[in-house]
Amino acid sequence: MTFKLGEDMGNSLSLIMLAAWPAVAAMLFSRLTPRQALIWVPLLGYLLLPPVVGIDLPILPTLDKHAIPSLCAMLGAVMLRDRFPMPWIRLEGWVVILTVLAMVTPTLTVATNPEPLIEGITYRPGLGLFDALNGTINTVLTLLPFLLGYLVLSSTDGIRAWMVALTLATLAYSLPMLLEIRVSPQLNVWIYGFFAHDFSQTIRYGGFRPMVFLEHGLWVAILVVTAVICAAVALRDGNAQARTRNMAVLAYLLVVLVLCKSAASIIYGMLLVPLVLMTPPRLQVGIAAALAAVVMAYPLALWLGVMPTDAIRDFALSMDAERGRSLEFRFMNEQVLLDRASQKPLAGWGGWGRNLEIDPISGEYTSVSDGYWVVVMTISGILGYLSIFGLLCGSVIRLWLATRSGPVDRWTAGLALIMAASLVDLIPNATVTPLTWMSAGALAGLAARGMPVGARQAAPAPAARRAMKTVIG
């Protein structure tokens, strides 16, 4: 077993935390109800475990803060399957097809990329059997949170519990975030012994963007805007007695969101909070589905030249010159990578940097894959894109189809808007996380069960397993 890190080995606590998380998961499953434990095991793992680093085992992909909690949650869910509030359901046909396609794509990528790439002084190896096996296992690990959401959280009660947990976790996380906003992102250095990214990218608008234990400040901002929407739903859905408390939570989280200094996430909050507060749930789901469809069609629109990138760039430049230039660079880079993807359109180029343009003289990469969509498209091709984004975007669209002729509750509509914001953010950034996948699975599973669906009342839990009191709802 080896310990894989980025540029810095960090300290031994990083390895200890990753290796000890199964024990933490076991403790949570022993003290909470099964559904609560399934929520908190991946959520706390995502927030507290060290980023970038991982445990390397033979054959297996790197086991990191995304994979280990997901495996622990799935194992606990299987062992306690009969104790969940609702029985598990079979996967719908479209989910099965896209899941199988996602698992088969790595093998197809390997089959179409056996040759090494030799350009000037650079050498990038061809793909082999190990890459196919490793890619397939990595796909399974990636999709585990989707399956957990689909099977366990696919009820109105489950979605509400998930969104309340997201809000509570973000409220607690805001304290170290505020510390880093004041003194700069240092917690990961102090505790795990390394910095997870480029420090210069944490400096924005004369201050700092917090990172805590996440990969980048953008990931933190997406987490906060998720909690902001959850708090807005709680305010809209709550009773008169809870209104003052919920307003305070929403106002506080909005302040934290602004302090995160991420322009895109601030825009998401400014646009979506009024939607939650002033529009009916069915309209919210319709808007979310429309945004999901736009994201799904984004690569095709770029290929056909119908995406108004120039107008979007000019608008961004008029609002903020620095952010506008950043967006302009992203559009130019996307076009370069899209041209490269068109050379192997079906199953992509695979890993080892084969998907990127490279300078044959210096050996340095001349392109950067920022957006998650372009990462998937260049590495796994059209098949990979259809399977991965088909599941993510399809969950929102499937929910819309299920709610056209029936009622939809505010929590479900709010989660659909959260997914819409997350999907839009995957165009410029690669901010997909296990939380994104779990939310997608919950929406797809709820739609499969039929709308509306509430979990059956479980037996009263012992005192040690009672639900945590919430500060919202």
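Scroll up for the structure.
Read on for an overview of the structure. Everything quoted here is computed from the prediction, not taken from an experiment.

1. Overview of the overall build of the protein chain
Point 1. Scanning the protein chain for helices and strands turns up 16 helices and six strands.
Point 2. Taking 2.2 N^0.38 as the reference for a compact globule, 473 residues should give roughly 23 Å; the C-alpha atoms of the protein chain span a radius of gyration of 22 Å, in line with that estimate.
Point 3. Each principal axis of the C-alpha atoms in the protein chain carries an extent, and together these give about 70 × 50 × 50 Å.
Point 4. The proportion of buried residues among the 473 residues of the protein chain is 54%.
Point 5. For the protein chain, the share of sequence-separated contacts (at least 6 apart) that also reach a separation of at least 24 residues comes to 78%.
Point 6. Put simply, the protein chain shows about 20000 Å² of open surface, and 67% of that area lies on carbon and sulfur atoms.
Point 7. Each charge sign in the protein chain was given a centre, from 32 positive and 27 negative side chains, and these centres are 16 Å apart.

2. Regarding the packing of aromatic side chains
Point 1. Counted according to the given criterion, the structure contains seven aromatic pairs.
Point 2. With a centroid separation of 5.4 Å and an interplanar angle of 70 degrees, the aromatic rings of Tyr-192 and Phe-213 are classed as edge-to-face. Of this pair, Tyr-192 sits in helix α7 (residues 187-192) while Phe-213 sits in the loop between β6 (207-208) and α8 (217-237), and the two are 21 residues apart along the sequence.
Point 3. Consider the rings of Tyr-385 and Phe-389, whose centres lie 4.6 Å apart with planes at 20 degrees: the pair is stacked.

3. Describing the pattern of salt bridges
Point 1. Summed over the entire model, instances satisfying the criterion amount to five salt bridges.
Point 2. In this structure, the salt-bridge partner of Lys-344 is Glu-115, at a minimum N-O distance of 2.9 Å. Pair noted here: Lys-344 is in the loop between α13 (321-341) and α14 (372-403) and Glu-115 is in the loop between α4 (93-111) and β3 (117-119), with a separation of 229 residues, a long-range link.
Point 3. Residue Lys-344 is classed as buried on the basis of its relative accessible area of 17%.
Point 4. Across the pair Glu-357 and Arg-340 runs a salt bridge whose closest N-O atoms are separated by 3.8 Å. Here the residue Glu-357 occupies a position in the loop between α13 and α14, and Arg-340 occupies one in helix α13, the gap between them amounting to 17 residues.
Point 5. The class of Glu-357 is partly exposed, set by a relative accessible area of 22%.
Point 6. One connected set of salt bridges, linked through shared partners, spans Glu-115, Lys-344 and Arg-354.

4. Things to note about unusual backbone geometry
Point 1. With a phi angle near 90 degrees, Ser-184 is a residue other than glycine that sits in the positive phi range.
Point 2. Its place among the elements puts Ser-184 in the loop between α6 (156-183) and α7.
Point 3. What makes Ser-184 buried here is its relative accessible area of 6%.
Point 4. A positive phi is found at Lys-261, a non-glycine position, where the angle reads about 60 degrees.
Point 5. Tracing the backbone through its elements, the reader meets Lys-261 in the loop between α9 (240-259) and α10 (263-278).

5. Examining a nonpolar patch on the surface
Point 1. Together, Leu-13, Ile-16, Leu-179, Val-183, Trp-190 and Ile-191 make up an exposed nonpolar region whose accessible area comes to about 520 Å².
Point 2. Broken down by secondary-structure element, the contributors of at least two residues to the nonpolar patch are α1 (12-31), α6 and α7.
Point 3. Inspection of the secondary structure puts Leu-179 in helix α6.
Point 4. Taking relative accessible area as the criterion, Leu-179 reaches 36% and is therefore assigned partly exposed.

6. Comments concerning the nonpolar core
Point 1. Within the largest apolar cluster, 139 residues are counted, with the highest numbers of intra-cluster contacts made by Trp-373, Phe-389, Leu-392 and Leu-423.
Point 2. In terms of residue count, α8 provides more of this core than any other element does, 17 residues in total.
Point 3. In this view, Leu-423 contacts Ala-292, Val-295, Leu-392, Cys-393 and Val-396; residues no more than four positions away in its chain are not counted.

7. Overview of the packing of helix α15 (residues 410-425) against helix α16 (residues 434-449)
Point 1. Where α15 meets α16, the closest approach of the two axes is 10 Å, and the angle between their N-to-C directions is 135 degrees. Taken together, α15 and α16 sit at an angle that is classed as oblique. The way α15 lies across α16 gives a crossing that is left-handed. Counting all contacts with α15, which are made through Thr-412, Leu-415, Ala-416, Met-419 and Ser-422, the residues of α16 involved are Thr-436, Ser-439, Ala-440, Ala-442, Leu-443 and Leu-446.
Point 2. Of the residues assigned to the contact of α15 with α16, the class counts are seven nonpolar, four polar and no charged.

8. Considering α6
Point 1. If you check α6, its first and last C-alpha atoms are 41 Å apart, about what 28 residues at 1.5 Å a residue would give, namely 40 Å.
Point 2. Remark: the principal bend of α6, roughly 30 degrees, maps to Ser-174, with a proline, Pro-176, within the next four residues.
Point 3. Immediately beyond the C-terminal end of α6, within one or two residues, lies Ser-184, with a positive phi of roughly 90 degrees.

9. Focus on the side chain of Asn-355
Point 1. By secondary structure assignment, the location of Asn-355 is in the loop between α13 and α14.
Point 2. Asn-355 sits in the buried class, given a relative accessible area of 5%.
Point 3. In this structure the side chain of Asn-355 is engaged in a polar contact, spanning 3.0 Å, whose partner is the side chain of Thr-378.
Point 4. In contact with Asn-355, not counting residues within four places along its chain, are Leu-337, Arg-340, Trp-349, Gly-350, Ser-369, Thr-378 and Ile-379.

10. Examining the packing of helix α11 (residues 281-304) against α15
Point 1. Two elements in contact, α11 and α15, have axes whose closest approach is 8 Å; the angle formed by their N-to-C orientations is 20 degrees. Overall, the two elements α11 and α15 adopt an arrangement that is roughly parallel. You can see that α11 and α15 cross each other, and the crossing is left-handed. Touching Pro-281, Gln-284, Val-285, Ala-288, Leu-291, Ala-292 and Val-295 of α11 are Arg-410, Ala-413, Gly-414, Ala-416, Leu-417, Ala-420, Leu-423 and Val-424, all from α15.
Point 2. Here the residues of the contact of α11 with α15 sort into 12 nonpolar, two polar and one charged.

Thresholds applied
Residues numbered from 1 in each chain as written. Predicted model: local features only at pLDDT ≥ 70, side-chain atom pairs only at ≥ 80, totals over all residues. Heavy atoms only, no water. Helix = DSSP H or I, 4+ residues; strand = E, 2+ residues; numbered from the N terminus. Rg over C-alpha atoms; globule rule 2.2 N^0.38 Å. Buried < 20%, exposed > 50% of the residue type's maximum accessible area, 1.4 Å probe, protein only. Contact = heavy atoms within 4.5 Å. Areas by Shrake-Rupley, 256 points an atom, 1.4 Å probe, with all protein chains shown as cover. Lys, Arg positive; Asp, Glu negative; His and termini not counted. Charge placed at Lys NZ, Arg CZ, Asp CG, Glu CD. Phe/Tyr/Trp six-rings, centres within 6.5 Å; stacked < 30°, edge-to-face > 60°. Salt bridge = Lys/Arg side-chain N within 4 Å of Asp/Glu carboxyl O. Patch = residues over 30% accessible without salt bridge, like charges linked within 9 Å, V, L, I, M, F, W, Y side chains within 5 Å. Core = buried A, V, L, I, M, F, W, Y, C linked by side-chain atoms within 4.5 Å. Axes fitted to C-alpha atoms, helices over the stretch in contact; angles between N-to-C directions. Parallel < 35°, antiparallel > 145°, perpendicular 65-115°, else oblique. Left-handed = near helix turned anticlockwise from the far one by under 90°. Nonpolar A, V, L, I, M, F, W, Y, C, P; charged D, E, K, R; others polar. Expected span 1.5 Å × (residues − 1). Bend = angle between axes of the 7 residues up to and from the residue. Polar contact = N/O pair within 3.5 Å; in protein donor to acceptor, adjacent residues only side chain to side chain.

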